[in-house]
Amino acid sequence: MIKYFIWILIIVFGQIFMACDSSKEELRQVENFHKKYIQEKSSKWDKNNEQLNIYLDFSPSVLQLLGKEKKYLTPANLKTFLPSKIKLFRFGDYPPVLFRDRIKTEVLDNITKELDTLSLVKDVVQKIVTEKQNSLLITDFEYIKDFVKRYRAITQTGDTTFTHINPYPWATPLFKEWFEGGNILKVISFPNYNTIQNRPKNLYGLLFLTPNSEDNWTKLLENNRKLINKKFVLYHFGNLNNLKIEPKNFNRFTGVIVPDLATTQFFRNPSEKLDFYTFRYGDFKKNLPPEAQGIFLRNLFPELDTVIYKDVEFDTKITDFTEMFVYYKNFAEHEPVKYGIDSKTGDSTIVKAPSISFRFTGGMPVNDAFQVVYDSATNEISLKFHSSFEWDEEAENERLYLVQIRLKNAQFSPSPILKKYLQVIHPKGFRNESLYRSLLLAMPENPPADNPILYQCYLRIE
């Protein structure tokens with residue numbers, strides 16, 4: 001009896017493993033098919049863009065803001081939680097220099113006490129934009145070019161004051177150039193990081209990212225939240241053509257599909273950002289709870305701030321590649337063309353040609369299979385079966401669908417809450433809104449014209 005039971009287990013698990021191997025092989029074929037005929041032409045991940053430069057503002061105003069925490073600003077401490085491929089720089093009233101050695105605490109204390117000193121933050125932003133660097137700039141965004149120029153500013157009480165700090169949107173042309181190049185700017189604000197002269201003051205991190213840069217830079221914040229031990233907010237500014245989707249509650253065995261069924265198989269190609277699902281529709285129909293309302297893919301979150309954009313809409317492009325993929329597989333598995341050299345002419349010639357040929361003519365557009373659901377309150381994208389979707393288990397063979405979720409519309413319309421986190425009242429009483437206003441004036445107002453793909457996956461339904 002035990003032997004019989006063991007043989008049953010061997011047979012069952014053997015079938016599972018064979019199915020997994022079969023699905024993996026089919027995924028490999030789907031990847032090749034996708035790369036050759038479907039994938040949109042875009043620049044690949046450039047290994048040169050793995051480099052990240054970090055610029056630390058060592059002007060007195062920032063060191064005052066950091067208080068006792070400035071003693072932790074050493075290369076050794078910073079590199080314990082930063083990626084390996086980084087270069088550290090520091091700047092103040094001098095251009096950026098490599099930050100290799102620890103600066104003594106008493107030296108930092110002396111800089112902190114200085115009052116009349118320059119802050120060349122604009123020069124650093126100019127360097128980043130001109131050289132198209134992936135960079136993180138840590139600063140309070142107070143720009144002091146010289147002590148000859150003084151700016152007129154209005155205090156909260158309506159009085160006039162003069163300051164060496166440029167409170168106007170001086171960074172607008174630089175940010176605009178950055179965005180027009182298809183780049184992204186992620187702004188991290190540490191609101192009320194410290195209180196200077198009875199005024200709460202913010203610290204900012206400006207993460208400049210080129211289109212092909214690594215996705216994981218911003219995850220440094222989340223991964224080191226306890227170490228940072230400060231409240232922060234993160235905003236995504238930039239060209240919507242480079243908008244990305246970040247899956248959450250991601251399961252490496254089932255992806256973001258619900259519910260978690262034994263018949264679901266999932267594989268991912270991280271380099272191509274391509275997901276592949278295979279499942280039986282009958283199992284879904286039987287097990288999908290009524291409250292799911294047909295939703296079977298969820299937890300897809302676009303990096304799109306609802307405090308920056310309104311009238312956000314997404315749509316799907318569904319293509320049935322079942323027949324085309326069968327033709328492709330038959331052709332790909334056939335004996336390849338063999339070439340030889342003509343002994344008389346020396347020319348290359350075909351010795352043996354395959355008996356079948358393949359020509360890609362596209363898939364079949366499908367309008368009533370799936371539809372996208374967007375919850376603006378949670379900024380979550382889901383995918384559901386269309387209400388008119390029908391499946392005849394007895395008549396239908398397996399189908400292969402390509403699902404592409406695209407951005408349809410998004411209007412730039414910043415919420416007033418940005419003022420709270422991207423501008424501060426200076427100790428002199430005037431509002432320094434250079435960061436806030438520079439971003440607002442630099443941002444492109446029109447949505448992208450080509451409806452960029454945010455997420456795509458293949459669904460093989462049996």
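You'll find the structure just up there.
So, here is what we can say about the structure in this document. Keep in mind that what you see is a predicted model, and the values were worked out from it rather than measured.

**Some words on the side chain of D275**
1) Next: You can see D275 is positioned in strand 12 (residues 274-279).
2) Next: Within polar-contact distance, the side chain of D275 engages the side chain of R268 at 2.7 Å.

**Focus: helix 5 (residues 121-131)**
1) Next: Looking at helix 5, one finds that the buried residues are V121, V124, V125, I128 and V129. Looking down the long axis of helix 5, one finds its buried residues gathered within 130° of arc, a one-sided arrangement.
2) Next: Those residues of helix 5 that are buried are in contact with strand 1 (52-57), strand 2 (86-91), strand 4 (135-139), helix 6 (172-180) and strand 8 (199-209).
3) Next: Looking at the residues trailing helix 5, positive phi occurs at K132, about 55°.

**A short note on unusual backbone geometry**
1) Next: A positive phi angle is found at N192, which is not glycine, with a value near 50°.
2) Next: Here N192 lies in strand 7 (residues 184-196).
3) Next: Take N192: its relative accessible area is 52%, and that puts it in the exposed class.
4) Next: For D311, which is not glycine, the phi torsion reads 55° and is therefore positive.
5) Next: One can find D311 in strand 14 (residues 309-320).
6) Next: The class for D311 is partly exposed, based on a relative accessible area of 48%.

**Some points on the sheet that holds strand 10 (residues 245-247)**
1) Next: In space, the four strands of this open sheet follow the order 10-13-19-18, with antiparallel pairing throughout. Both outer strands of the open sheet, strand 10 and strand 18 (370-375), are each paired with one neighbouring strand and no more. Going across the sheet, the axis of each strand differs from the next one's by a mean of 35°, ignoring polarity.
2) Next: Pairing analysis gives six bridges linking strand 18 to strand 19 (residues 380-385), with the strands arranged antiparallel. Counterpart to Q371 in the pairing with strand 19 is K384.

**A few points about the packing of aromatic side chains**
1) Next: Summed over the entire model, instances satisfying the criterion amount to 32 aromatic pairs.
2) Next: Measuring from ring centre to ring centre gives 6.1 Å for Y309 and F412, while their planes differ by 70°; the resulting arrangement is edge-to-face. Placement of Y309 in strand 14 and of F412 in strand 20 (residues 399-412) is noted, with a sequence separation of 103 residues between them.
3) Next: The exposure class assigned to Y309 is buried, which follows from its relative accessible area of 5%.
4) Next: Judged by its relative accessible area of 15%, F412 is buried.

Thresholds, definitions, all that
- By convention here, each chain's residues receive numbers from 1 onward along its written sequence.
- Where totals are concerned, whole chains, interfaces and linings use all residues; where local detail is concerned, this predicted model gives features only for residues with pLDDT of at least 70, and gives and counts side-chain atom pairs only at 80 or more.
- The basis for the side-chain values is all heavy atoms of the structure; hydrogens and waters are excluded.
- Strands here mean DSSP runs of E at least two residues long; helices mean DSSP runs of H or I at least four residues long; both are numbered from the N terminus.
- Under the rule applied, a polar contact is a pair of N or O atoms within 3.5 Å (in protein, one hydrogen donor and one hydrogen acceptor; residues adjacent in sequence only if both atoms are side-chain atoms).
- Three exposure classes are used, based on accessible area relative to the maximum for each residue type with a 1.4 Å probe and protein chains only: buried under 20%, partly exposed in between, and exposed over 50%.
- What the arc measures is the spread of directions leading from the helix axis to the C-beta atoms.
- Any pair of residues with heavy atoms lying within 4.5 Å of one another is described as a contacting pair.
- Strands are treated as partners if at least two bridges between them are detected by DSSP.
- Helix axes are fitted to C-alpha atoms over the stretch in contact, other axes to C-alpha atoms as well, and angles between N-to-C directions run from 0 to 180 degrees.
- Note on ring pairs: Phe, Tyr and Trp rings are taken, using the six-membered ring of Trp, and paired if centres are within 6.5 Å. Classes follow the plane angle, with under 30 degrees stacked, over 60 edge-to-face and the rest tilted.

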